[in-house]
Each structure stands twice: as structure tokens, then as C-alpha cells.
Amino acid sequence: MDKWDERFMELTETVGGWASCLRRKVGAVIVREKRVMTTGYNGAPTGVPTCLERGECMRQKMGIESGTHAELCYAAHAEQNAIIQAARYGVNISGSTLYCTHQPCVICAKMIINAGITRVVYKEGYPDEFSMKLFGEAGTKVEKYEEL
């Protein structure tokens, strides 16, 4: 880890603060050649009321355990939103690094791999060992961030 990793991880925390999720604030920043390409945070799709606006978390209300049934949530994950922003605005993220406040889930891992992102740096763990297995098989470098 170096000073650039530290700066980009700080930015993920800021971006995560914009999240509309009541349960967990997650931020993601995609960087190539020390330049921020896109950012993302967990939140509902455009035009769909967020959990914050609804005043409740559907997952919490249904008693859904963290790391399971990701499809049962109004929000798209931070990593997904960062990749979607790149696609929407024509930003090439192949060969980039994705910084994230939390370890990506398996659904995000598949998107990260297919988007050509070659390195992932995350701060907090997440209960999804299969995502790490996929990253390993794909040759995606994954690092847990350790503060300097």
C-alpha cells in the first residue's frame, strides 16, 4: 500500500457517505493511472424510492442475513453503480483498480472481472468466500487495505 491507496480509500469513505442504505454505507472508486474514472455508492436505481425515503430497510424487516439474497434489496451495490456509470458515460475502466469500503460480493465480483478491472482494494470484510475464489481463478489481484 502507498499514499495513493490511502487517498483513494479515503475517497471511498466519502462516496459511501452518500449511500441511501440504512444498513450499510458502501462506497467504490474506480481508478486508472492515478485518476478517478468513476464512483459509486449503494442506493436504489434512478426513479425508485430509496430505503432512506421509505423509512425502512426491506432486508432488515424481512430478517435477511448479511451476505445472503442480495437480490432482495432496493439498492444496487456501490461496485455495480461505479461500473454502470462507466458504461453509461463511455469511460474505459479496463486495467483499472477498484477501491471499495467493503469486500465485493460474488455478484459484484463477476461484474468486476468481466469489466476488466485487474485490482481490488477493500477495507472491511464481507461474508462471501465464493467471491474471493472467483477473483483468484480470474487472476484479479485482491488486497485488504491496511492503513499506513
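Everything that follows concerns the structure shown earlier in this document.
First things first, this report covers the structure right here in the doc. (Residues numbered from 1 in each chain as written. Predicted model: local features only at pLDDT ≥ 70, side-chain atom pairs only at ≥ 80, totals over all residues. Heavy atoms only, no water.)

Some words on the overall build of the protein chain
Here is step 1: Counting its regular elements, the protein chain contains 6 helices and 5 strands.
Here is step 2: Principal-axis analysis of the C-alpha atoms gives the protein chain an extent of 40 × 30 × 30 Å.
Here is step 3: The buried share among the 148 residues of the protein chain stands at 42%.
Here is step 4: Sequence separation of at least 24 residues holds for 55% of the intrachain contacts in the protein chain that already meet a minimum separation of 6.
Here is step 5: Accessible area of the protein chain: about 8,100 Å², with a carbon and sulfur share of 50%.
Here is step 6: Separation between the mean location of the 18 positive side-chain charges and that of the 18 negative ones in the protein chain comes to 4 Å. (Helix = DSSP H or I, 4+ residues; strand = E, 2+ residues; numbered from the N terminus. Buried < 20%, exposed > 50% of the residue type's maximum accessible area, 1.4 Å probe, protein only. Contact = heavy atoms within 4.5 Å. Areas by Shrake-Rupley, 256 points an atom, 1.4 Å probe, with all protein chains shown as cover. Lys, Arg positive; Asp, Glu negative; His and termini not counted. Charge placed at Lys NZ, Arg CZ, Asp CG, Glu CD.)

Topic: the layout of surface pockets
Here is step 1: Size it by volume and the largest pocket reaches roughly 380 Å³.
Here is step 2: Forming the boundary of the largest pocket are 23 residues, of which Arg24, Val26, Asn42, His77 and Tyr126 lie nearest the centre.
Here is step 3: Split by residue class, the lining of the largest pocket holds 13 nonpolar, 6 polar and 4 charged.
Here is step 4: Looking at the second largest pocket, its volume works out to about 290 Å³.
Here is step 5: Lining the second largest pocket are 14 residues; nearest its centre among them are Tyr41, Ala44, Thr46, Asn81 and Gln85. (1 Å grid on protein atoms, 1.4 Å probe; cavity = no way out; pocket = protein on both sides within 12 Å on 5 of 7 lines; lining within 4 Å. Points joined across faces, edges and corners; volume = space filled by probe spheres on them. Nonpolar A, V, L, I, M, F, W, Y, C, P; charged D, E, K, R; others polar.)

So, the sheet that holds strand S4 (residues 119-124)
Here is step 1: Reading across from one edge, S2-S1-S3-S4-S5 is the order of the 5 strands in this open sheet, with mixed pairing throughout. Looking at which strands have only one partner, the edges of the open sheet turn out to be strand S2 (35-41) and strand S5 (141-144). Each neighbouring strand pair of the sheet contributes to a mean axis angle of 20°, computed without reference to strand direction.
Here is step 2: Taken together, the 6 bridges between strand S1 (residues 27-32) and S2 define a ladder with antiparallel strand orientation. Note on S2: the bridge partner recorded for Ile30 is Thr38.
Here is step 3: Helix-sheet contacts for helix H4 (residues 78-89) involve S1, S2 and strand S3 (97-102), and the interaxial angle to S2 is about 130°. (Pairing = 2+ DSSP bridges. Axes fitted to C-alpha atoms, helices over the stretch in contact; angles between N-to-C directions.)

Description of helix H1 (residues 3-16)
Here is step 1: Look at H1: 20 Å from first C-alpha to last across 14 residues, which is about the 20 Å you get at 1.5 Å a residue.
Here is step 2: For H1, the full list of buried residues reads Asp5, Glu6, Phe8, Met9, Thr12, Val15 and Gly16.
Here is step 3: Structurally, H1 contributes buried residues whose contacts are with S1, S2, S3 and S4.
Here is step 4: You can read the cap of H1 off the contacts: a side-chain oxygen lies 2.9 Å from the backbone nitrogen of Trp4, and it is on Asp2. (Expected span 1.5 Å × (residues − 1). Polar contact = N/O pair within 3.5 Å; in protein donor to acceptor, adjacent residues only side chain to side chain.)

Remember, this is a structural readout, not a statement about activity or role.
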